[in-house]
Amino acid sequence: MATGTEPPQVHKGVHEATRAAIGPRHLRTDRWWLAPALTAAGLLAFIVYSTWRAFANADYYAAPYVSPFYSPCLAENCEPMRSGPNWEIFGSWWGLSPALLILIFPLGFRLTCYYYRKAYYRGFWASPPACAVAEPHKKYSGETRFPLIMQNIHRYFFYAAVPVAGILTYDTVLAFRDEHYEWGHMGLGTLVFLVNIVLIWAYTISCHSCRHIIGGRLRHFSKHPVRYRLWGWVGKLNARHMQLAWASLFSVALADLYVYLVASGAFDDPRLF
Amino acid sequence: MSAYQARFKVWRGDRSGGGLEDFTVEVNDGEVVLDIIHRLQATQASDLAVRWNCKAGKCGSCSAEINGRPRLMCMTRMSVFTRDETITVTPLRAFPVVRDLVTDVSFNYEKAREIPSFVPPPGVAAGEYRMQQMDVERSQEFRKCIECFLCQDTCHVVRDHEENKEAFAGPRFLMRIAELDMHPLDSASGTGLDRRTTAQDEHGLGYCNITKCCTEVCPEGIKITDNALIPMKERAADRKYDPLVWLGNKIRRREG
């Protein structure tokens, strides 16, 4: 324990007195900065876009499509959507964008996701910026203290993400109608929604918490053959979690943009049949 | 292909100081960095200290940092570098240096001693252990570890913060805890030892922010983060942060 008589400890990391005396903080010669820079740029672009769209409270419904940012729509001020995901749980007192009510769940799911944690710890917080590249922080307590200890509730956001993905699946089924609500039709938007929901489910199921819940927590797989098989399948998807995280992030933004363009009149949904 | 002269910078010195020394040295087809270091020893720097053993990527002795990246010298082919590139070789930068390319890795042995070992199942004699492959395969992946300590070296928790060495076991030894906790015959829980809780409370699992550098540098290709550290974080969450799992265990009193 430090006492008043001891000299203050200076934390130097790779420049500690006992370590090899090497001036630069790292000696990497490759473009190590590229991955965190691209990650930060990609995440920043999504944050800006989704913030604008979430607060816009407009152009989120163009029959039969509803933006995934606004589904389910839980406030009274939602646009009425025929057979759509309207549940007026929040009354007329809610005056802000209804997207804010539901986005907290997918946002929390992605914010606490083990892949995104790596992405933003590296990209935004430089902790570390890249492997064997010294981080700039003087102290580090990782996920041992508030607020980062809250990352441990990822599984609860996973539980919440499953019904949200279920509702988006329902929206995709509704997209097999035309603008007059006649069933058995398909437009370009239906394809966009289909791709999006497949990616959303793949990302959700490939989650590390899901892998743990499905079977990872077991010690004897031989006693649980079904869970073992499911765990194996989830594990295969889990190995692609990073790719699925990016693909589903892009697809959900694309689905929203598509609805925005159609709803705002900037683009006509081409009907396939 | 033919022999050529490569430019090397090799760190020479000890705890009192040192620096990068320039060398020009012959390189032949099929050689690895360790071959070049040996040629330097034979021709230009006979007192160059380097730790090595098998030259086959299995003993984990020749860990160093090559162009700033933690790697085994014996598994780094010279053909991955361009001929006009200057190759920098330094000792591991997370551990105290002994001399030249040799570091004092005793931190790792101290951490190894802190992990309670396998607890044999009661009533089963040695040689009578029977396990199904599907039950033991997760632990087997972690047994591939050659203890080169590249993961310990690259982990920023201790590399950039010497003060965390006391609290944090590092990826290699958190993986060891995962290996034991997933072992179908480990009976630690019967002795009152809960590896999931102690991983968090005594071995610093919470310090890991899963940035995957340990996985990136592992010469054995072990998925340390995805298959050991994250599953251990989830298991610790079962114990410490998930009241539903806690309640379920209390009601059913059953272990998977």
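This structure is a prediction, so every number in the text was calculated from the model and none was measured. (Residues numbered from 1 in each chain as written. Chains lettered and ligands numbered in written order. Predicted model: local features only at pLDDT ≥ 70, side-chain atom pairs only at ≥ 80, totals over all residues.)

## Examining the overall build of chain A
Each helix and strand in chain A was counted, giving 8 helices and 4 strands. Burial status across chain A gives 39% buried among its 273 residues. Residue pairs at least 24 apart in sequence account for 67% of intrachain contacts in chain A once pairs closer than 6 positions are excluded. (Helix = DSSP H or I, 4+ residues; strand = E, 2+ residues; numbered from the N terminus. Buried ≥ 20, exposed ≤ 12 C-beta atoms within 10 Å, placed from the backbone. Contact = placed C-beta atoms within 7 Å.)

## Quick word on the domain arrangement of chain B
As a measure of interface size, the accessible area lost when the parts come together is often cited. Residues and elements named next belong to chain B. Here the domain parsing of chain B yields domain 1 (4–103) and domain 2 (106–252). Placing a centre on the C-alpha atoms of domain 1 and another on those of domain 2 gives a separation of 32 Å. The partner domain 2 presents 13 residues to the 12 residues of domain 1 that form the contact. Residue composition of the side of domain 1 that touches domain 2, by class: 7 nonpolar, 3 polar and 2 charged. (Domains from an automatic or database assignment. Nonpolar A, V, L, I, M, F, W, Y, C, P; charged D, E, K, R; others polar.)

## A short note on the environment of B:E166
All names here are of chain B. Within the secondary structure, E166 is located in the loop between α5 (156–159) and α6 (171–181). The exposed category is assigned to E166, around which 10 C-beta atoms lie within 10 Å. Sequence separation between E166 and D181 is 15 residues, and the spatial gap between their C-alpha atoms is 22 Å.

## Remarks on helix α9 (residues 224–240) of chain B
Taking 1.5 Å as the rise per residue, α9(B) with 17 residues should run 24 Å; its terminal C-alpha atoms sit 22 Å apart, in good agreement. Counted residue by residue, α9(B) has 15 buried out of 17 residues, so it is predominantly covered. (Expected span 1.5 Å × (residues − 1).)

## Looking at the interface of chain B and chain A
In this complex, chain B contributes 52 residues to the contact, which on the side of chain A involves 46 residues. Elements supplying a minimum of two residues to the side of chain B that touches chain A: β1 (4–14), β2 (17–27), β4 (69–72), β5 (86–90), α3 (133–142), α5, α8 (213–217) and α9 of chain B. In terms of residue count, α9(B) provides more of the side of chain B that touches chain A than any other element does, 7 residues in total. Taken together, the residues of the side of chain B that touches chain A sort by class into 18 nonpolar, 17 polar and 17 charged.

## Things to note about the packing of helix α1 (residues 34–56) of chain A against helix α3 (residues 114–123) of chain A
All names here are of chain A. Here α1 crosses α3 at 110°, and the two axes come no closer than 8 Å. The pairing of α1 with α3 is recorded here as roughly perpendicular in orientation. Where α1 abuts α3, its residues P36, T39, A40 and L43 lie against A119, Y120, R122 and G123. Partitioning the contact of α1 with α3 into residue classes produces 5 nonpolar, 2 polar and 1 charged. (Axes fitted to C-alpha atoms, helices over the stretch in contact; angles between N-to-C directions. Parallel < 35°, antiparallel > 145°, perpendicular 65-115°, else oblique.)

## Description of the pairing of β1(B)
Along a regular strand, successive side chains alternate from one face of the sheet to the other. All names here are of chain B. Inspection of the sheet shows β1 paired to β2 by 11 bridges, in the antiparallel sense. Paired with R7 across the strands is T24, a residue of β2. Direction of pairing for β1 relative to β5: parallel, over a ladder of 4 bridges. The residue bridging V10 from the neighbouring strand is V89, located in β5. (Pairing = 2+ DSSP bridges.)

## Looking at the confidence of the model for chain A
Predicted confidence across chain A gives a mean pLDDT of 93, with 96% of residues reaching 70 or more. Counting interchain partners and residues more than four positions distant, the pLDDT-below-50 stretch residues 1–5 of chain A has 1 contact. (pLDDT = per-residue confidence, 0-100.)

## Side note on the nonpolar core
One finds A:V259, B:M73, B:V89, B:L174 and B:M232 to be the most contacted residues of the largest nonpolar core, which totals 117 residues. Ranked by residue count, the leading element in this core is helix α8 (residues 241–263) of chain A, at 9 residues. The residues that make up this core include at least three from each of domain 1 (4–103) and domain 2 (106–252) of chain B. (Core = buried A, V, L, I, M, F, W, Y, C linked by C-beta atoms within 7 Å.)

## Here we look at α3(B)
Side chains that are three or four residues apart share a direction in an α-helix, a result of its 3.6 residues per turn. Residue and element names in this part refer to chain B. Buried within α3 are the following residues: R138, S139 and F142. Angular distribution of buried residues about the axis of α3 spans 90°; they occupy a single face of the element. For α3, the exposed residues lying more than 90 degrees away from the buried face are Q133, E137 and Q140. Elements that come into contact with the buried residues of α3 comprise α6 and α9. (Arc of directions from axis to C-beta.)

## Quick notes on the packing of α1(A) against α8(A)
Residue and element names in this part refer to chain A. The contact between α1 and α8 brings their axes to 11 Å, and the two run at 35°. Handedness of the crossing formed by α1 with α8: left-handed. Seen from α1, the contacting residues are F46, Y49, S50 and R53; seen from α8, they are L249, A253, D256 and Y260. Tallied by class, the residues present in the contact of α1 with α8 amount to 5 nonpolar, 1 polar and 2 charged. (Left-handed = near helix turned anticlockwise from the far one by under 90°.)

## Re the confidence of the model for chain B
Any region with low pLDDT has predicted coordinates that should not be read closely. Residues with a pLDDT of 70 or more make up 98% of chain B, whose mean pLDDT is 95. Taken over the whole predicted complex, pTM reads 0.93, whereas the ipTM for its chain interfaces reads 0.92.

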